[in-house]
Amino acid sequence: MSVKIYHNPRCSKSRQTLQLLEEKGLQPEVVEYLKAAPSKAELESVLALLRLNPRELMRKGEAIYKELQLGDDALSDDQLIDAMLQHPILIERPIVLANGKAAIGRPPESVLDIL
């Protein structure tokens, strides 16, 4: 089974989710998205798999969210996606992809449903 995790090693939930996958005997492809942001197509695919709109995948507590006024309802989905690509810290984490499905590891056990 091919498993991918969008991972931030500084995030405890992300580390716990990665550990959980490894405990299940999986060797996920680890994408440190803060170093290598996903492409627009990848992010759109993740959003579709999660059945979320862009704002629902954003970390609203990040300073850059407020700084860029991303809570403005006038912003289009494309504008929000572009903001996440330019500032990947805005992307909720961790995200696990497996079996043509996606899940956010909050709590980490929630990713078990897609394995």
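Further up the page is the structure itself.
This one's a predicted model, so the numbers in the text were calculated from it and none came from an experiment.

What follows covers the pairing of strand 1 (residues 3-7). Of all five residues that make up strand 1, five are buried, and the element is covered over most of its length. Because side chains alternate across strand 1, one face comprises the buried residues V3, I5 and H7, and the other comprises K4 and Y6, equally buried. Sheet topology places strand 1 next to strand 3 (residues 95-98); four bridges connect them, and they run antiparallel. If you follow I5 over to strand 3, its bridge partner there is V96. The sheet contact formed by strand 1 and strand 2 (residues 29-32) spans four bridges and is parallel. Paired with H7 across the strands is E32, a residue of strand 2. Since strand 1 and strand 2 lie parallel, the crossover through helix 1 (residues 12-23) that links them has a hand, and here it is right-handed.

On to the side chain of E62, then. Tracing the backbone through its elements, the reader meets E62 in the loop between helix 2 (40-50) and helix 3 (63-67). You can call E62 buried: its relative accessible area is 18%. When near neighbours in sequence (up to four residues on either side) are disregarded, E62 contacts I89, L90 and R93.

We now examine the nonpolar core. Generally speaking, a soluble globular protein has its nonpolar side chains buried in company with each other. In terms of nonpolar packing, the biggest core is built from 21 residues, with L57, M58, L90 and I95 touching the most fellow members. Beyond its immediate sequence surroundings of up to four residues, M58 is in contact with Y65, L70, L80, A83, M84 and L90.

This model, assessed by the stated rule, comprises seven salt bridges. Between K40 and D78 there is a salt bridge, with its nearest N and O atoms 3.5 Å apart. Taken together, the residues K40 in helix 2 and D78 in helix 4 (residues 77-86) connect sequence positions 38 residues apart. Between E92 and R106 there is a salt bridge, with its nearest N and O atoms 2.8 Å apart. Linking E92 in the loop between helix 4 and strand 3 with R106 in the segment after strand 4 (101-104), this pair joins segments that are 14 residues apart in sequence. The exposure class assigned to R106 is partly exposed, which follows from its relative accessible area of 35%.

Bringing unusual backbone geometry into the picture now. Backbone torsion omega between R93 and P94 reads -15 degrees, so that peptide bond is classified as cis. The topology assignment puts P94 in the loop between helix 4 and strand 3. Of note, the amide linkage connecting R106 to P107 takes the cis form, showing an omega dihedral of 0 degrees. Within the element layout of this structure, P107 appears in the segment after strand 4. Even without being a glycine, R51 presents a positive backbone phi close to 55 degrees. Along the chain, R51 turns up in the loop between helix 2 and helix 3. Notably, Q69 is not glycine yet its phi reads approximately 55 degrees, a positive angle.

Basis of the calculations
Residues numbered from 1 in each chain as written. Predicted model: local features only at pLDDT ≥ 70, side-chain atom pairs only at ≥ 80, totals over all residues. Heavy atoms only, no water. Buried < 20%, exposed > 50% of the residue type's maximum accessible area, 1.4 Å probe, protein only. Helix = DSSP H or I, 4+ residues; strand = E, 2+ residues; numbered from the N terminus. Pairing = 2+ DSSP bridges. Right-handed = clockwise from strand over helix to strand, strands pointing away. Contact = heavy atoms within 4.5 Å. Core = buried A, V, L, I, M, F, W, Y, C linked by side-chain atoms within 4.5 Å. Salt bridge = Lys/Arg side-chain N within 4 Å of Asp/Glu carboxyl O.

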